[in-house]
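The chain contents come next:
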Amino acid sequence: MSTGELQSLLEPELMNQLERMELVSRKIFRGRMKGERRSKRKGQSVEFADFRNYVAGDDLRMLDWNLYARLDKLIVKLFLEEEDLHFFTLIDASPSMGFGDPSKLQYAKQLAAALGFIGLIRSDRVVIESLGQSAQKRGPVLRGRRSVWRMLDTLAEIEPDQNISLADGVKRFCLRNPGKGIIVLITDLMDKQGYESALRYLVARQMDVYVMHVLSQEEIDPDVKGDLKLVDCEDQDEAEITVSAPLLARYKKTLDAFTRGAQDYCSRRGMNYLLAHNRLPVKDLMSNYLRKRGLVR
Amino acid sequence: MTSLFRNALEPLWLWGLMALLPLAVLALYFLKLKRDPVEVPSTYLWKKSIEDLHVNSLWQKLRRSLLLFLQLLLLALAILALLRPGWEGQELQGQRMIFAIDNSASMGSADVKDAESRLAEAKKQTIALIEQMQSDMAAMVISFNNEARVMQGFTSNRRKLREAVEKIELTSRPTNLLGALQLADGLANPGQVIEPESNVAIDISDGEKTTLYIFSDGRFSEVKGFSLGNLQPQFFVPLGTREANNLAITAFSTRRSESRPDERQAFIQVSNFSTDEQTSVVELSHNGTFLDAQEVTVPSGEARGVTFALAGVESGKLEAKLSSTALKAMSDALAIDNKAYAAVNDTSAGRVLLVTPGNKVLMTALSTERIKRYADVEIATPDTLKTKEHQELAASGAYDLIIYDQCAPEERMPRSNTLFFGSVPPTWYASTKAPAAEEESPPAETDAAAESTEPAPEAPAEQPTPTVERVALPAIIDQSREHPLMAYVELGDFRINGSNIVPPPKGGQVLVESTQGPLVSIAPREGFEDAVIGFELTVNKDGSEYINADWYRRYSFPTFLLNAFGYFVNQGQEGSDRTNLPGQALALRTKSLAEKLTVKGPDNRETVVERNADGSYLFHDTEQPGYYEILDAGKVESRFAVNLFDGQESNVKLAVMGDDDATDNIESVASLQIGHVEVKGTQQPARKEIWRPLLLLAIILLLVEWYIYNRRVYL
């Protein structure tokens, strides 16, 4: 991957900004490896958690000898284990994501790269996948600053050609990745079967779900005129319209209802919903919106 | 509807075809609806947006399609324009047209719907016809009342024709169609010349067919003996209705009361030209001050008179008008005849000159009070006739009457009426054959009679005029009792010693006939009249006066003199009080004999009139009904009034030929007969075409469509 492409996904300025950030999960998950994050697990660390009586088999290194000297009892000192965080980014790479300038997919990649970058520098386990990936082929698990290049390579490989329904894609993802953690689903939610079943899978996994709803400016404020035959890029479905001011108003109303519906659905199920459009700089999105929503700190 | 689209598409199926056109456009619109395919991320939201529109998608597709509506509208307008909608009527016919528009008084009737007057309607219809003219057509505009006038000669210039029509104004004159027809005929057949010898009109070129349109209410007498020649076909455009009502003042005059000579009376005649009996109030005012009012009830189609006593009214303007409430109630159509005017002039005595050698009988007879009321009598001797002063005065027409007793004027007759006693005017026989007898009349039986012939030959001294036959003791056997001079004059009971026989010249009339020839005759002369009495009353001989006729002893003598004064002197004065008809030329007379007179019309416009050679002032500008004041050196000398007083004009019901059944359809009776040709009537010949504005609207619509198409303005 060239430096230019890297810069298109992660600008140096943004990277400087991201250096100071970390991903925050509202839930505490168990990590796989030692990381920088406090874990539910008690283990070796510097942060004291509790005392308990010694039972046979405990690591003698954990005994608090000072307490033994005072109380003549074998007390084991428990420390909170510091673990890594599982951070998944799931990008919707359906053809509909290829629209807009920059395309919604490109925007999704930028976002994924930014979030992934934070995860990598905080030693979290970062997995970036696209919806169409088969169950067998899992996305690479990335960890550490060194993996930034790999992450970007992975992102670069994602093309808007996977004509797969949102529900199917999420389902496969869940099958591929049994672990828990934070998942950021970047999608335009444009699925005629609906997005509800897809999100339900994620809810069922008890993951900390962030739904990043990305729309292009053209979708928010369509610039169309005259008698048109709209062709759906995914299923070649056609819709004949004669653009008129009332129809445009009606479209906007429908779009509003759609986004509001998604937001309601998410908030009722403990998911975070964030609507972004492709003209909103990623930098702003990270520093303002995501920080407010608590995904980053 | 049929009247709207008259002269449009004749076969009915064409209408169906036209109706199919919008449907065809609609179909084409669907076929044309080729939508540009646009790839979008998802049709999901769009489909949701147009979901409810699919319920009745066919019409929903058309909904808000402004362009389609505009196209349909454009097509509708184009179809309408193609159908050439127009109001029912005739189309212009022929290449040459004459529009004859009646502008007589009755055309001022306000009984035409949506028009100020019949004339306004006529003008409107004429202009509508002019609008239909093609570039190769020529037309002419004539206005006619009792005189016809060419407003615009043959031209293809529609603007000129329109302007000519606009210029036509309502007049107060009566109607005479013949003049208009003669004028139109003369202009329609320009190739006609009249051979002077045979007085026969010969066509020197083939006359072009000319269409004559007559716009009138038909208020004119039947036109007989007129050949239309090339004036065909013709259209009579009847204007007005047969139900028009009108109440009119048809006469208004003032006269001295018979019983009380110092008091005047006003007579007003009110005619009812409506179908019901009408009651109205006649209001009389003097110089703008209300004098009196009387109610008058007039049965339908009749006239009633009212009389007002004008005590103390000496001079000024009298105005009689019908009360407006009654007029409004009956919806009076014509306003001009609701008022009438009369002028009351000072009763100034006439000026009479008696030239006599000293006839005491005559002088006594002319010195009565009764005579003085008529005129101031000046007395002169025959010598005066020779003076230059007298000759100038006589030539200027200063006298109303000159009585020549036993004498006659020197060279020329004076410019006034004359009465001769025992002498003959020098011009009396100039135009008649001279009497054959040259010999002296037989001597009179009396001495006086023999001498009485002396003064007679004086006048024609220088001219070889024939001598006058002198007879003795003529016996009166007949007299003309119809002539005003002889009214109440009973002759035959007096003796005449000797008399001249005075047969009148050509155009004259014998008033008294004797056994030996005419004794009294009267003859006209250049607007005046000369009455000649063959015998003298007295003759002067040797300084003494002898009786020639003892007529002066009879009652008939002063009666005759009064008649003569009344006839010769009072005629002119009565004339000034008499009413005049609009458009009539008047010969005005004044006492002062100024070179110029000023006449102030009802609209306060002043016209200067110059004196004619005969001492009268010819005034033509009497178009407007009302008062006219004759100003001499800034002072009102006398007045006269002009009134319509024309029963035919006031009877404003649409006059048409045919039966008189008012319930008849107008088309069937609205025609008139000219010569032996029946001119067909058309109710509204002016076909009002609206295809031009429709087409204009369609073009505007096309521009709007173009704009919308380019600007993509959507609702």
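Note that the structure is a prediction, hence the values are computed from the model and not measured. (Residues numbered from 1 in each chain as written. Chains lettered and ligands numbered in written order. Predicted model: local features only at pLDDT ≥ 70, side-chain atom pairs only at ≥ 80, totals over all residues. Heavy atoms only, no water.)

Points about the overall build of chain B
- Counting its regular elements, chain B contains 17 helices and 36 strands.
- By residue count, 48% of the 715 residues in chain B fall in the buried class.
- Partitioning the contacts of chain B with sequence separation of at least 6, the portion at a separation of at least 24 is 69%.
- Carbon and sulfur atoms form 52% of the exposed surface of chain B, whose accessible area is close to 35300 Å². (Helix = DSSP H or I, 4+ residues; strand = E, 2+ residues; numbered from the N terminus. Buried < 20%, exposed > 50% of the residue type's maximum accessible area, 1.4 Å probe, protein only. Contact = heavy atoms within 4.5 Å. Areas by Shrake-Rupley, 256 points an atom, 1.4 Å probe, with all protein chains shown as cover.)

Observations regarding the overall build of chain A
- Each helix and strand counted, chain A has 10 helices and 10 strands in total.
- With 297 residues in all, chain A has 53% of them scored as buried.
- The long-range fraction of contacts in chain A, counting pairs at least 24 apart against all pairs at least 6 apart in sequence, stands at 76%.
- Accessible area of chain A: about 14000 Å², with a carbon and sulfur share of 47%.

Some words on the interface of chain A and chain B
- At the junction of the two partners, chain A supplies 35 residues and chain B supplies 24 residues.
- Taken together, both faces of the contact between chain A and chain B bury some 2900 Å²; the carbon and sulfur share is 67%.
- The largest per-residue losses of area from chain A upon contact with chain B belong to D227, L230 and Y251 of chain A, which jointly make up 17% of the total buried on that side.
- Along the contact surface separating chain A from chain B lie one salt bridge. (Buried area = accessible area lost by both parts, 1.4 Å probe. Salt bridge = Lys/Arg side-chain N within 4 Å of Asp/Glu carboxyl O.)

A short note on the packing of helix α5 (residues 118-131) of chain B against helix α6 (residues 158-167) of chain B
Residue and element names in this part refer to chain B.
- Between α5 and α6, whose axes approach to 10 Å, the crossing angle comes to 175°. With respect to α6, the element α5 is oriented roughly antiparallel. For the pair α5 and α6, contact is made by K123, T126, I127, I130 and E131 and by R158, L161, R162, V165 and E166, respectively.
- Per-class residue counts for the contact of α5 with α6 are four nonpolar, one polar and five charged. (Axes fitted to C-alpha atoms, helices over the stretch in contact; angles between N-to-C directions. Parallel < 35°, antiparallel > 145°, perpendicular 65-115°, else oblique. Nonpolar A, V, L, I, M, F, W, Y, C, P; charged D, E, K, R; others polar.)

A word on the sheet that holds strand β8 (residues 227-232) of chain A
- In space, the three strands of this open sheet follow the order β9(A)-β8(A)-β1(B), with mixed pairing throughout. Each end of this open sheet is capped by a strand with a single partner; those strands are β9 (238-242) of chain A together with β1 (36-40) of chain B. In this sheet, neighbouring strand axes are inclined to one another by 30° on average, regardless of whether the strands run parallel or antiparallel.
- Pairing analysis gives five bridges linking β8 of chain A to β9 of chain A, with the strands arranged antiparallel. When the sheet's bridge partners are listed, K229 of chain A is paired in β9 of chain A with E240 of chain A. (Pairing = 2+ DSSP bridges.)

A look at the nonpolar core
Residue and element names in this part refer to chain A.
- Membership of the largest hydrophobic core comes to 46 residues, with the highest contact counts inside it found for L115, M151, L155 and M286.
- Ranked by the residues each element gives to this core, the list is headed by helix α4 (residues 104-121), at 12 residues.
- Every residue in contact with M286, bar those within four places of it in the chain, is listed here: L18, M21, L111, A114, L115, I118, R291 and V296.
- Counting 42 residues, the second-largest nonpolar core is a separate cluster that includes L202, M207, A239 and I241. (Core = buried A, V, L, I, M, F, W, Y, C linked by side-chain atoms within 4.5 Å.)

A look at the packing of aromatic side chains
- What the rule picks out here adds up to 20 aromatic pairs over all chains.
- Ring centres 5.5 Å apart and planes at 85° place the aromatic pair F88 of chain A and F173 of chain A in the edge-to-face group. Linking F88 of chain A in strand β3 (residues 86-91) with F173 of chain A in helix α6 (residues 166-176), this pair joins segments that are 85 residues apart in sequence.
- By relative accessible area, which is 3% here, F88 of chain A ends up buried.
- Seen in terms of ring centroids, W551 of chain B and F557 of chain B are 5.1 Å apart; in terms of plane orientation they differ by 65°. Their pairing is edge-to-face. The burial state of W551 of chain B is the same as that of F557 of chain B; both residues are buried.
- Among the aromatic residues, ring-to-ring pairing joins F494, F535, W551, F557 and F560 of chain B into one connected group.
- For R96 of chain B, the ring lying beneath its charged end belongs to F154 of chain B, and the centroid distance is 4.1 Å. (Phe/Tyr/Trp six-rings, centres within 6.5 Å; stacked < 30°, edge-to-face > 60°. Lys NZ or Arg CZ within 6 Å of the ring centre and 35° of its normal.)

Some details on the confidence of the model for chain B
All names here are of chain B.
- Scored by pLDDT, chain B comes out at a mean of 78, with 77% of its residues at no less than 70.
- Contacts of residues 431-463 to residues separated by more than four positions or lying in other chains number 40 contacts, the stretch itself having pLDDT below 50.
- Taken as a whole, residues 659-669 scores under 50 in pLDDT and shows 15 contacts with residues more than four places along the chain or in a different chain.
- At the level of chain-chain contacts, confidence expressed as ipTM amounts to 0.78, with global pTM at 0.49. (pLDDT = per-residue confidence, 0-100.)

Regarding the pairing of β8 of chain A
- Where β8 of chain A folds back onto β9 of chain A in an antiparallel hairpin, the turn is made up of five residues, including Q236 of chain A, whose phi is positive at roughly 60°.
- Where β8 of chain A meets β1 of chain B, five bridges bridge the pair, whose relative direction is parallel. Among the inter-strand pairings, D232 of chain A is bridged to a residue of β1 of chain B, identified as V40 of chain B.

With respect to the sheet that holds β3 of chain A
Residue and element names in this part refer to chain A.
- What the six strands build is an open sheet, ordered β5-β4-β3-β6-β7-β10; its pairing is mixed. What marks the edges here is a single partner per strand, and that holds for β5 (141-142) and β10 (272-277).
- As defined by bridge partners, β3 adjoins strand β6 (residues 182-187) across five bridges and the pair is classed as parallel. Residue pairing in the sheet places F87 in a bridge with I182 of β6.

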